[in-house]
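Each chain is listed here by its residues.
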Amino acid sequence: MNFTALLRRFVRNRDGSAAPLLAIAALPLFGFVGAGVDFGRAAAARTSMQAALDAAALLMAKDAQNADAGQLATTAGTYFNANFRNTEVGSLQPTVSTSSTSGGYTVDMSVNGSIQTRFMRLIGFSVMKIAAHTKAMSNADGLGCVLALDPHVSGSVTVQGNNSTVLNGCSLYDNSDNSTAMTVGGSAQVTALSVGVVGNLTGASSITTTDGIRTGIGAVTDPYAKVSYPQFFGCTQQNLSVKNNQTISPGVYCGGISVNAGATLTLQPGIYYLDGGTLQANGGATITGSQVTLVFTSKNRSGYATASINGNAAINLTSPPTGPTAGIVIFGDRNIPTGTTFKFNGGSTQYLGGAIYVPTGDVNFAGGAGTSTSCTQLIARTVVFTGNSQFAINCNSYGTKPFSPLVVKLQS
């Protein structure tokens, strides 16, 4: 059979002709399906990358204040890698930059990577590049004026009796995670800008706020945790008892200070160390002084100093605006045994301008309800309000440190 006959036979033969035609027609379809698979893998990888980047940026915004500028990239990479586990993505290159704002930080993060294709490489595309970007912000308004530091105790903030506690333009925070961390009982009332509790509270119906009550917040950082007072030595005077009008100078007062009814004690500016004993002011007594810090501690005595300000005592003390104890009018040694009670019950004539800072002590407070109240912070292990009290944080000239929870969120 010659070639011409064979060609005619091949052309007229219809056996199996559909298979090659179908194969040729299916090539574009397979290409589209393969590209879809590769694009789907890349989209899933990018979604995971974005989620990991968002989580890393939130952590960076939270930690930016304490972060080492030279370690920002390393820290950002660590946070990102802890949340992103897709081994298909290679050439990951996270970048980060931070900038401070009036109340916190802004963190800008990006990451670039690539994924190897499975089907598109057949048409010359072996790699698909993917990228993600996010921005997180942290903010703290700094409008706290009452803070209970104990992380677990019930009733770490307690408001009881027939009294009104008013926080003018400022907020109350409670770091206890207890289900009854804050309790408002009896006919007591609390008015504040806002109330925030790590755990939960009882008596919410007796709390009036402008910005609301929040439970389950993050613990508020102790604003004075890094503050320390200067070393002191010896005793300037022991067991000082003031029976008439008397003015004293800064120094070490071992065994405490007692001011009797009708007597006035004037403190000159500076730091006063109470080494053991009690600062006691009986009804009708007066203690006054500007730019002073009273440090309650123990060195030469066996016990730690404490305070007992009785009702109807007139107290007017303000903190130094500068120096090692700037902003602190009452400073309790951090080694004071847990549960040591400080009583500031001077009534409406009691004004302690600045921070009452007793991080391990329990403060019983009643007073400061006078119209002159402009700057008072109260920071203690626990706080009990037993009488009418008023707080405010117009503290521009007092040297106090602002505090509030850090709110971290992604920028939309």
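The coordinates are above.
Described in the following lines is the structure provided in the data block.

The rules behind each value
- Residues numbered from 1 in each chain as written.
- Predicted model: local features only at pLDDT ≥ 70, side-chain atom pairs only at ≥ 80, totals over all residues.
- Heavy atoms only, no water.
- 1 Å grid on protein atoms, 1.4 Å probe; cavity = no way out; pocket = protein on both sides within 12 Å on 5 of 7 lines; lining within 4 Å.
- Points joined across faces, edges and corners; volume = space filled by probe spheres on them.
- Helix = DSSP H or I, 4+ residues; strand = E, 2+ residues; numbered from the N terminus.
- Phe/Tyr/Trp six-rings, centres within 6.5 Å; stacked < 30°, edge-to-face > 60°.
- Buried < 20%, exposed > 50% of the residue type's maximum accessible area, 1.4 Å probe, protein only.
- Lys NZ or Arg CZ within 6 Å of the ring centre and 35° of its normal.

Here the focus is empty space enclosed by the protein. Taking a probe equal in size to a water molecule and rolling it over the atoms shows the remaining empty space. Summed over all chains, the structure comprises two cavities of 30 Å³ or more. The computed volume of the largest cavity comes to approximately 40 Å³. What lines the largest cavity is simply Leu279, Ile287, Leu294, Ile309, Ile315, Leu317, Ile330, Phe344, Gln350 and Leu352. Mapped onto the lining of the largest cavity, the elements with two or more residues apiece are β22 (314-318) and β25 (350-367).

Turning our eyes to something else, we now look at the packing of aromatic side chains. What the rule picks out here adds up to 11 aromatic pairs. Ring geometry for Phe331 and Tyr357: centres 5.5 Å apart, planes at 65 degrees, overall edge-to-face. Note that Phe331 is positioned in strand β23 (residues 328-332) and Tyr357 in strand β25, a separation of 26 residues in sequence. Taking relative accessible area as the criterion, Phe331 reaches 0% and is therefore assigned buried. On the basis of an interplanar angle of 80 degrees and a centroid distance of 6.2 Å, the ring pair of Phe365 and Phe385 is categorised as edge-to-face. One end of the pair, Phe365, is in strand β25; the other, Phe385, is in strand β26 (residues 376-392), with 20 residues separating them in the sequence. Among the aromatic residues, those joined into a cluster by ring pairs are Tyr224, Tyr229, Phe232, Tyr273, Phe331 and Tyr357. Note that Lys299 overlies the ring of Phe232, its terminal NZ or CZ placed 4.4 Å from the centroid. One cation-aromatic arrangement involves Lys299 over Phe233; the distance from NZ or CZ to the ring centre is 4.8 Å.

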